[in-house]
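Architecture and fold: a report
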Amino acid sequence: MESEDHFVTLETWAALREQKKILETKEMEIKEREARLREMEKEIENRLKELIAVQDKIKQAQQEIQAFREEREQARNAQVQALAKIYGNMKPKDASQLLETLEESLAVKVISLMSPDQVAKILASMETKKAAKLSRALTAR
């Protein structure tokens with residue numbers, strides 16, 4: 001009987017050793033996965049930092065574009081104001097001839113910066129249809 005108990009113990013011992021190998025293998029796999037996960041987390045963190053940096057650059061570029069647009073608009077307004085002053089100092093007939101050749105939106109901007117007396121004299125000197133068209137555009141503003 002003793003040899004039978006000894007035999008079962010050897011089988012049990014062999015099974016335990018096999019289970020230990022399986023557990024050690026699984027533990028190694030888990031450690032490898034954990035290491036890969038940590039690497040992936042670092043990679044994600046780095047990419048997130050890169051994305052944040054790109055977002056910051058985009059925001060900065062948008063601000064620079066907006067500032068450029070504002071500067072351009074201010075320069076354009078200054079040019080229109082200068083034109084209005086020049087045309088306002090001209091004889092109404094000369095000013096009306098020049099305004100008739102301008103793009104309508106620009107002519108409207110120029111006229112809108114002039115005094116009502118100047119505009120009245122210039123429109124009176126203008127071809128009737130053109131004067132009416134500019135008047136409509138002025139009131140639509």
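For the structure, check the block above.
1. Re the overall build of the protein
Of regular secondary structure, the protein possesses 5 helices and 0 strands. By the compact-globule yardstick of 14 Å for 141 residues, the protein is too spread out, its C-alpha radius of gyration being 42 Å. With respect to the principal axes defined by its C-alpha atoms, the protein has extents near 135 × 25 × 20 Å. Scored against the burial criterion, the 141 residues of the protein give a buried share of 16%. Counted over contacts in the protein with a minimum sequence separation of 6, partners at least 24 positions apart contribute 67%. The centroid of the 26 positive side-chain charges in the protein is displaced by 16 Å from the centroid of its 26 negative side-chain charges.

2. Examining the packing of helix α2 (residues 92-101) against helix α4 (residues 116-125)
Remark: α2 packs on α4, axes separated minimally by 8 Å, with the N-to-C direction vectors making an angle of 70°. Here α2 is positioned roughly perpendicular relative to α4, judged by the angle of their axes. Contact residues: Pro92, Lys93, Ala95, Ser96 and Leu99 in α2; Lys121, Ile122 and Ser125 in α4. Within the contact of α2 with α4, the residues separate by chemical class into 4 nonpolar, 2 polar and 2 charged.

3. Focus on the side chain of Ser96
With respect to the element layout, Ser96 can be found in helix α2. The exposure class assigned to Ser96 is buried, which follows from its relative accessible area of 1%. Not counting the four nearest positions on each side in its chain, Ser96 is found in contact with Ile122, Ser125 and Met126.

4. Overview of the environment of Lys91
Looking at the element boundaries, Lys91 is found in the loop between α1 (2-89) and α2. For Lys91, a relative accessible area of 61% corresponds to the exposed category. Sequence separation between Lys91 and Val54 is 37 residues, and the spatial gap between their C-alpha atoms is 56 Å.

5. A closer look at the environment of Ala14
Along the chain, Ala14 falls in helix α1. Residues Ala14 and Arg36, 22 residues apart in the sequence, show an inter-C-alpha distance of 33 Å.

6. Some words on the pattern of salt bridges
One pass over the full model with this rule turns up 4 salt bridges. When the shortest N-O distance is used, the salt bridge between Glu27 and Lys31 registers 3.6 Å. On the criterion of helical spacing, the pair formed by Glu27 and Lys31 is a turn pair, its members being 4 residues apart in helix α1. Taking the relative accessible area as the measure of exposure, Glu27 reaches 43% and is therefore partly exposed.

7. Re the nonpolar core
Ranked by size, the top nonpolar core spans 19 residues in total, and within it Tyr87, Leu99, Val110, Met114, Leu123, Met126 and Leu134 carry the most contacts. Breaking this core down by element, the ones donating at least two residues are α1, α2, α3 (104-112), α4 and α5 (128-140). Counting residues per element, this core draws most heavily on α3, at 5 residues.

8. Digging into the packing of α3 against α5
Working note: a packed helix pair is described by the angle between its axes plus the distance between those axes. Running from amino to carboxyl end, α3 crosses α5 at an angle of 70°, the nearest separation of the two axes being 10 Å. Overall, the two elements α3 and α5 adopt an arrangement that is roughly perpendicular. Residues Glu104, Ala107, Val108, Ile111 and Ser112 of α3 form the contact with α5, whose participating residues are Lys133, Leu134, Ala137 and Leu138. Partitioning the contact of α3 with α5 into residue classes produces 6 nonpolar, 1 polar and 2 charged.

Each value, and the rule that gives it
Sequence order sets the numbering: in each chain, residues are counted from 1 along the sequence as written. Reporting in this predicted model follows two pLDDT cut-offs: at least 70 for local features of residues, and 80 or more for side-chain atom pairs to be given and counted; totals over whole chains, interfaces and linings ignore these cut-offs and use all residues. Where side-chain values are given, they derive from all heavy atoms of the structure, hydrogens and water being excluded. A helix here means a DSSP run of H or I that spans at least four residues, while a strand means a run of E at least two residues long, and both kinds are numbered starting from the N terminus. To get the radius of gyration, use the C-alpha atoms; to get the globule rule, take the number of residues to the power 0.38 and multiply by 2.2 Å. Exposure categories follow from relative accessible area, calculated using a 1.4 Å probe and restricted to protein chains: below 20% of the type maximum is buried, above 50% is exposed, and the middle band is partly exposed. Note on contacts: a residue pair is in contact if any heavy atoms of the two residues lie within 4.5 Å. For this count, His and the chain ends are skipped, Lys and Arg are scored as positive, and Asp and Glu as negative. Positions of charges follow a simple convention, taking NZ of Lys, CZ of Arg, CG of Asp or CD of Glu. Throughout, an axis means a line fitted to C-alpha atoms (over the contacting stretch in the case of helices), and angles, computed between N-to-C directions, take values from 0 to 180 degrees. Throughout this description, any angle smaller than 35 degrees is read as roughly parallel, any larger than 145 degrees as roughly antiparallel, any in the 65 to 115 degree range as roughly perpendicular, and the remainder as oblique. Any residue outside Ala, Val, Leu, Ile, Met, Phe, Trp, Tyr, Cys, Pro, Asp, Glu, Lys and Arg is labelled polar, Gly included; the first ten of those are nonpolar and the last four are charged. The rule for a salt bridge is simple: a side-chain nitrogen of Lys or Arg has to be within 4 Å of a carboxyl oxygen of Asp or Glu. Residues belong to a common nonpolar core when they are buried Ala, Val, Leu, Ile, Met, Phe, Trp, Tyr or Cys residues joined through side-chain atoms within 4.5 Å.

Note that every value here comes from positions in space, so none of it alone points to a role or purpose.
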